[in-house]
Amino acid sequence: GAHILPDSGAASTIDVSDGLPHNSVFAFCEVAQGEIWIGTNDGVRVLNRGRLARTGIEELDNKPAYQIIKTNSGRIWCGSRGKVFLVSGRRLEKILGLHEGIPDASITVLSLDRSGRLWLGTSSHGVGMYDGGNTVTWWTVRDGLPSDWIHSIAEDEQRRLWVATREGVTQWNG
């Protein structure tokens, strides 16, 4: 489940009894003022004014959501198992899947760099980069990553990409 920590007062918990599809919660993202998307092992739910609802997008409501991020333009990227979804408003805009080079692995990390490229981290297939084209480019231990299990991806002020893995941290000029 998830715990809500208000500015004052006691914390409250939301779980399957409140409408979450699963108690394993992986991601939160505020997509609009007061509207929080919650990613669980069995789908996304929207928390708004203390109430949970479905997104209205079947692919998100019924699939694992391990990471959810919002772009500067307000669109939402959601990482799942073997797929990455792009949502604009409440409309599914794009699905990246096997055809675009997404492996059958959990997409557990999503990060946008200043050039607008989407970086993906997985639980078993390394780091991927999507630049808006037709495919995702991948780097793995064969390319010098310490591990294919990615925990975090971040870009610094010099536009270097930092990748935290199960076996250490690596950096390169993205």
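Quick notes on the rules
- By convention here, each chain's residues receive numbers from 1 onward along its written sequence.
- Per-residue local features of the predicted model are confined to residues with pLDDT of at least 70, and side-chain atom pairs are confined, for both listing and counting, to 80 or more; whole-chain, interface and lining totals are unaffected and use all residues.
- With hydrogens and water set aside, each side-chain value is computed from the structure's full complement of heavy atoms.
- Salt bridge, as used here, is a side-chain nitrogen of Lys or Arg placed within 4 Å of a carboxyl oxygen of Asp or Glu.
- Strands here are runs of E lasting at least two residues and helices are runs of H or I lasting at least four, both read from the DSSP assignment and numbered beginning at the N terminus.
- We call a residue buried when its accessible area falls under 20% of the maximum for its residue type, exposed when it is over 50%, and partly exposed in between, using a 1.4 Å probe and counting protein chains only.
- Nonpolar core, defined: a set of buried Ala, Val, Leu, Ile, Met, Phe, Trp, Tyr and Cys residues in which side-chain atoms within 4.5 Å join the residues together.
- Here, strands pair whenever DSSP counts at least two bridges between them.
- To obtain each axis, a line is fitted to C-alpha atoms, and for helices this fit is confined to the stretch in contact; angles are then taken between N-to-C directions over 0 to 180 degrees.
- We call two residues in contact whenever any of their non-hydrogen atoms come within 4.5 Å of each other.

A. Quick peek at the pattern of salt bridges. On inspection of all chains with the given rule, the structure shows six salt bridges. Measuring nitrogen to oxygen at the nearest pair gives 3.4 Å for the salt bridge that ties Glu35 to Arg90. Taken together, the positions of Glu35 in strand β4 (residues 35-40) and Arg90 in the loop between β9 (84-88) and β10 (91-96) put the pair 55 residues apart, joining distant regions of the chain. With relative accessibility at 40%, the residue Arg90 sits in the partly exposed group.

B. Quick look at the nonpolar core. Counting residues in each nonpolar core, the largest one holds 14 residues, and the members touching the most others are Trp37, Val44, Leu60, Ile68, Ile76, Cys78 and Val87. Counting only elements with at least two residues in this core, the list comes to β3 (25-32), β5 (43-48), β8 (76-79) and β9. Ranked by residue count, the leading element in this core is β3, at three residues. One finds Trp77, Val84, Ile102 and Leu118 within the second-largest nonpolar core, a separate group that totals twelve residues.

C. Looking closely at the pairing of β3. As paired strands, β3 and β4 are joined by six bridges and run antiparallel to one another. Bridging from a neighbouring strand, Phe28 pairs with Ile38 of β4. A loop of two residues connects β3 with β4, the two strands running antiparallel in sequence, and Gly34 in this loop sits at a positive phi of about 80°.

D. Representation of the sheet that holds β5 in the model. Read from one edge of the open sheet, four strands run β3-β4-β5-β6, paired in antiparallel fashion. The open sheet terminates on both sides in strands that have one partner only, identified here as β3 and β6 (51-54). The sheet shows a mean angle of 30° between the axes of neighbouring strands, taken without regard to direction.

E. Summary view of the pairing of strand β13 (residues 127-130). Where burial is concerned, the two faces of β13 agree: the one with Val127 and Met129 and the one with Gly128 and Tyr130 are both buried. Adjacent in sequence and paired antiparallel, strand β12 (residues 118-122) and β13 are bridged by four residues, among which Gly126 carries a positive phi angle near 80°. In terms of strand pairing, β13 meets strand β14 (residues 136-139) through four bridges, oriented antiparallel. Pairing of Val127 across the sheet is with Trp139, part of β14. Hairpin remark: β13 followed by β14, antiparallel, with five residues in the connecting loop; positive phi at Gly132, about 95°.

F. Layout of the environment of Ala27. Residue placement: Ala27 occurs in strand β3. Note on Ala27: relative accessible area 4%, which makes it buried. Leaving out residues up to four positions away in the same chain, Ala27 has contacts with Trp37, Ile38, Gly39, Ala65, Tyr66, Gln67 and Ile68.

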